[in-house]
Structures are given as C-alpha cells and as structure tokens.
Amino acid sequence: MRPDLLNPLFAESSSLKGVGPGLARPLDKLGLTRVKDIAYHLPDRWVLRRAVANLDEAGLGEQIVLPLTVRDYRQSAGRGPFRVMAEDAVGNYVALTYFGRAAYTAKKQLPLGEKRWVAGRLDQFGQTWQIVHPDHVSEDSAGMLGQLNEPVYPLSEGLTQGRVQALVAQSLAHLPKLPEWIEPGLLARMDWPAWHHALPAAHKAANKLAKDRLAYDELLANSLALMLVRESNRAKKGTPLHGDGRLRAKLNLPFELTGAQKRSIAEIESDMAQGAPMLRLLQGDVGSGKTAVALNAMLIAVEAGGQAALLAPTEILARQHFETLNKMAAGTGVTIALLTGRDKGKARESILMGLLDGSIDICVGTHAIFQEAVAYRNLALVVIDEQHRFGVGQRLMLTQKARRTPHCLAMTATPIPRTLTLAQYGEMDVSRLDEMPPGRQAIDTRVISTERIADVVEGVARHIAKGAQAYWVCPMVRELETEDIAAAEARYAALKERFGDTVVMVHGQLRPEVKDAGMERFARGEAQLLVATTVIEVGVDVPNATLMVIEQAERFGLAQLHQLRGRVGRGSQQSTCLLLRGEALSETGRERLALMRETQDGFRLAEEDLRLRGGGELLGTRQSGDTPFKVADFEQIARLLPLAHDDARLLMERDGGLSSPRGEAARVLLYLFERDWGVQLLRGG
Ligand code: ADP
Ligand code: MG
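Definitions and limits used
- Residues numbered from 1 in each chain as written.
- Chains lettered and ligands numbered in written order.
- Predicted model: local features only at pLDDT ≥ 70, side-chain atom pairs only at ≥ 80, totals over all residues.
- Heavy atoms only, no water.
- 1 Å grid on protein atoms, 1.4 Å probe; cavity = no way out; pocket = protein on both sides within 12 Å on 5 of 7 lines; lining within 4 Å.
- Points joined across faces, edges and corners; volume = space filled by probe spheres on them.
- Helix = DSSP H or I, 4+ residues; strand = E, 2+ residues; numbered from the N terminus.
- Axes fitted to C-alpha atoms, helices over the stretch in contact; angles between N-to-C directions.
- Left-handed = near helix turned anticlockwise from the far one by under 90°.
- Contact = heavy atoms within 4.5 Å.
- Nonpolar A, V, L, I, M, F, W, Y, C, P; charged D, E, K, R; others polar.
- Expected span 1.5 Å × (residues − 1).
- Buried < 20%, exposed > 50% of the residue type's maximum accessible area, 1.4 Å probe, protein only.
- Arc of directions from axis to C-beta.

Explain empty space enclosed by the protein here, please?
A probe matching the size of a water molecule, rolled over the atoms, marks out where space remains unfilled. For the coordinates displayed, the defined rule picks out 3 cavities of 30 Å³ or more. Of the volumes computed, that of the second largest cavity is approximately 50 Å³. In terms of lining, the second largest cavity is formed by Asn222, Ser223, Leu226, Met227, Leu422, Ala423, Gly426, Leu641 and His645. When residues of the lining of the second largest cavity are traced back to their parent elements, those giving at least two are helix H9 (208-235), helix H16 (418-425) and helix H23 (634-654).

Would you take a moment to explain the packing of H16 against H23 for this structure?
The axes of two packed helices give the description: the angle between them and the distance between them. Their axes nearest at 10 Å, the elements H16 and H23 cross at an angle of 65°. Read as a crossing pair, H16 and H23 show a hand that is left-handed. Residues Thr419, Leu420, Leu422 and Ala423 of H16 lie in contact with H23, whose contacting residues are Phe634, Ile637, Leu641 and His645. Classifying every residue of the contact of H16 with H23 gives 6 nonpolar, 2 polar and no charged.

Quick question: what am I supposed to make of the environment of glycine 91 here?
Here glycine 91 lies in the loop between strand S4 (82-87) and strand S5 (93-98). Counting along the chain gives 75 residues from glycine 91 to leucine 16, while the straight-line C-alpha distance between them is 46 Å.

Just checking my understanding: could you explain helix H14 (residues 345-357) for this structure?
Every α-helical turn comprises 3.6 residues, leaving residues that sit three or four positions apart pointing alike. Given a rise of 1.5 Å per residue, 13 residues ought to cover 18 Å, and the 18 Å separating the end C-alpha atoms of H14 matches this to within 8%. Listed as buried for H14 are Arg348, Ile351, Leu352, Gly354 and Leu355. Down the axis of H14, the buried set is contained in an arc of 160°. They therefore lie on one face. Considering only its buried residues, H14 is in contact with strand S11 (307-311), strand S12 (336-339) and strand S13 (362-365).

Nothing here speaks to function; it is geometry throughout.
Here you go:
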C-alpha cells in the first residue's frame, strides 16, 4: 500500500483548481494525470528573450519580442497551416504561422489592422520571416518585456505556457515533506537540496543541483527496483529444463548459425537447466538473427516436455513471427499456434483447448496470450520480443501465469549503450548478438540537402516504377505533436498527389485499426510508399522495401536513425537510405550523419549516440520508449547512474528487506516513482 504521505501527490489532476473536463485531454496527452506528474513536468528549456524594435535587429533562430501590425490572413489549402501576415515598424513582413485548429484563436488574438506585441522564435519559411506558434501575443508590452527569462514547458494542443505555469504552481503548493532516501554522505558531497526544495527550484531557473538530485532519485528508484526483482527471482522456484536435442536435430535451417547465435543459445540452455528461473535479455541488432535463437530456446522447452509462448508487441509482428517460426520448424513436428485479440469464437476456443491439454507446443501472440482465460498445461518458457515495449512490471505479471515461474527470455533490437542496458535491464543477464549473419549488403546511405527534395521525389518515382517499395519518414520534432502530424499529413498529401493510391500513411494519432490496415496494405505489397512518423521503428519486415527517405535526419538520435534504417536492407536487393538534412547543420549534426554513412554497427552507433547527445538539439531526450526515465536525461544517466547503482547495491546489502529508517524512505521513493512492484516482491518473500 502506498504510504499516506504520498496521497496528495497521487491525487487526480482534476483536483486542482481550474482543471475541468476541457483540460483533461491535453493533460492526459502529456501523461499529466496526477498532481505529481504536473509537479514533475519540468521545463525542457529556458528562453532568454530579446526585445527588438524591428526584424532587422533580430537574428534567425533568436527568441524575440517585438511590436507588429496585423495586415492579412492566409489559409493554406487542405490541412496546411494558417498564416497571419504582420508588418514591423520599418516595413518588413513576418508570417505568424499556426498549425492544426488554431486559426480561430489566432484571428481573435490578432485582429486585422491592430498592433500587437508578439514573442516567439524567429525563423524562415522560404523567402519570408516566420514565427511558428508565437509564445505570447499581447496588446501591450508590459507583461512580456518583464519575462525575458521564461521556462518553456512541453505542451499539447489546448494548453498554453501560462496555463501550465499556473498548474505547476498549484501542484508545488501540495508538496509533502518526505524522508530522505539518499545516503547522507553522498547528499552532502554533492551539495544537493532536499527533495521538497529541489522540485520547486527546478521550475524556477536552470538549477543544476536541483535537477541532478531529482534525476538521481529516479535513477536510484530504478536501480533499487531492478535489484529487488533480481533478488526475488533468484529466490524463486523454477523448473530445470533439460532438452535432449531431438527436436533441434530435426531443425533444418537454410544457414549455419553465427558464433554469436551459438554462444547465446548455449547461455540460454545453461540458464534453463538451473533451478532458478532464467531472466535473460537477448540484445541483437535488427537482422542479427534473434528469431533463430528464440526458436532454439523454445525447442529446448518443448523437448523437456513444456510449452513456450512468444509475446510480440503488435498483431502484425505476431503474425510474422508465426509464419517465420512455422517455416523454420517445419521438420520438427512441433505444433505452433497464433493467438491474438482478433481471434474470436470457435477458432479461439480450439486454441485455448490446445494450450490447456498441451497439444499446442508453442503459442505466438500479442498480450492476449496472457489474458485471464488463457491457461497452459505446462508453460515453461516465455519469450518477449521487443521487451522495451513492455515494462518490467508488465513482465512480472506475465510470468505469474504459471504455477512455477517460467523461464523468461526477453529480446530487443534496440542496441543501447552499456550504461543504459544497466538502467533498463539491470535485473537481467545479457546475451549479445554482436555478429551479423554473413552476406549482408551494406545499405547505401547518403546525406542530401533538403533543398534537393524534388530530385528525391523523382528518385522515389523511379524506384516505385520498378515495382519496389519505399518508406518516407517524417520526424516528430515540434513542441506540439499536432504540428508534426500536420507536417507529415502535408507531405503525405503532396506524395499522394504525385503517386496516387499507392501511398499510405501511418502515425501515432491514427486509431490502431486504421494504422494496422495501412501497415498491412504496405506489408502485402498493395501499397508501395509508406509515409510514416517514427512508429515504424519497431515494425514490419518488408524485404521488397529497399528505399528509405528520412526527413530532417539531423534531428534524430543515431540510435533512432539506425533503427529506422534497419527497416530496409532486409532482402537480397541493394538498399538505399537517403538522409535529408536541413540547411543549418551544427558540428555534432554533421558528425552524426557522417557516422551513419560510415557504419552499420548498432552497438557502436549507440555508444556514439550517447557521447554526442546533450547538445539539446535532438528530439530523442524525452521521447517515450527511449529510456525508462522521465526526469533523468541522457547526460545525467551517464553521469549519475553508476552512483545510483552502487548506492542501491549497498543499501540492499545492508538492509535487503528495506526495514531500516533509510529502507523505509527508499520504499517511499519506490512508490513515488511507481516502481512499487519492487516493494510488492519484497512482501511476497
Ligand atoms: P532479428 O529478429 O534479429 O531482427 P531475424 O531473426 O528476423 O533477425 O533474422 C533476419 C534474417 O536473417 C532472417 O531472414 C533470417 O532467416 C536470417 N538469418 C538468421 N540467422 C542467420 C545466419 N546465421 N546466417 C544467415 N542468415 C541468417
Ligand atoms: Mg525480430
């Protein structure tokens, strides 16, 4: 049970003044459902604004405040942006650009012929100046000129900076005093403030000590929770499995396993023979051959008289696994079933029966395979594909399914640096597939200026004229997701105009059925060009897709670019990846893209990514799924995680039951960061 003193923090956001049904959606969108989420909604940057008399005094990319007179409204065709044309004191024009459904508000704030003070970031749109979604518009300069150093909070449609500021202030007024969980010596050495001082301080200014403390809290909570899982797993009873090799001997793979695959299989086999359940992560780049390793592990389970289940994050991936495994295992005689949320009625019943009576050896599916109604005769191994899509908490629920804890093999294609592996998968042992199957063709990667986009479109035209398929990736880079979606939709519209119905689009705001349908049309080859935001990262395998275009490539992290690029080069055809870069490319941006051209080694790119991050120009830092953290950024993870890890270990050694005063404080910490599954394991034994 959550300690009472945390209750005010876990109250619903709607308990705050001024939060009605209208704000529920925008807050939800940002994950700000409780008071604590708002209190931890930290500014992601600070704006130092300069007041200028006219545009000639301002620099491109600069945050400015200036007086403008509204001259004209322009609505672009389709779902394009709404632009307010305004004139400065010396006759320069600037477009104030609004995406989404902001036109109504814009007209109200900026009436024709009137003078207004406008604050925002000056950039360029073709030959004209523009300010996209001005931060403030006001009739007089008073309020604005006083706010030259202002926090900038991540927003969603329907929220303004002012609104968020007011909510943050309210949430901070509710802060309880929590016991100190950080080791006193460390706290003193780092000169960190107490928690209830640190949180308000982090909202007031760019306060490094306060932010570090908050990040450390999160890292400590995480390390501690993972250690608790590891400990409790060690103490659990599993079933030692000894495969006799009879099924594996019948496996007729069209290739020789790589050294890395053989080594991983041996590690898995030895884990599964132990009394404690296996808890192992198989880390291997896209195309490194994880499926063959998983199949070997599952056959070991079946040889030993058990069943295996493979969990995929989406239906499409589940179906693909099912087909691949069936092909690979054809000669072995094992029975493989596919179970997804879509299966209903008789078909579903018969699969459920098969799992219960043991006539099905291997079950592939989405989380549906772990629903209440699904019972196994003897579930011995659970394989989880793309583990990062599932939290540790979720995984713990899955493995509760069997009478004895099944062995667990998690797989991920996200090559992350070693520090992050520790942060994300610290409770597991790791096998790495650090060797690619032979004969892989290098993906021809080129960096092209975005000015040459017309040539790129012609390249795509030639490509699909040959019957091949291509991806077109639009980035998610703006503060408002809707603006990105609008930009992606605009690109989609333009490409559709050029290529017709063979273009499909998927993005995060589409309903899952619509998204799946689009993906499936592409996977089946009915559509040739898939326009997507980054949702294809963990996605389909379409060997015929041999061209990928990535817009604004410099805004992505290396690891992410690598993941995306891994979608091509999956067949025998030579593949190409075109990285479109903006005009103003920073030094690190240049370095990053050069690395993409140079190497296809995911582990190397992941390490370099971490090294090159922190410039603040990447969109990745608070992208969900990137890391398990909301507060700690990459730089802090690299710097503070080793400390947190040691601290957690020390605490576990001294007080594994978390019953000393500091242990009690640590429990509060685990609840605060919702790692309370750790505490629950503690109670269980
Ligand atoms: P991952 O799941 O790690 O991205 P897959 O298991 O889908 O990779 O394997 C990618 C491709 O490589 C598949 O077509 C698979 O048949 C092939 N493959 C796997 N292992 C080998 C190997 N040792 N030699 C040659 N090809 C392999
Ligand atoms: Mg795979």
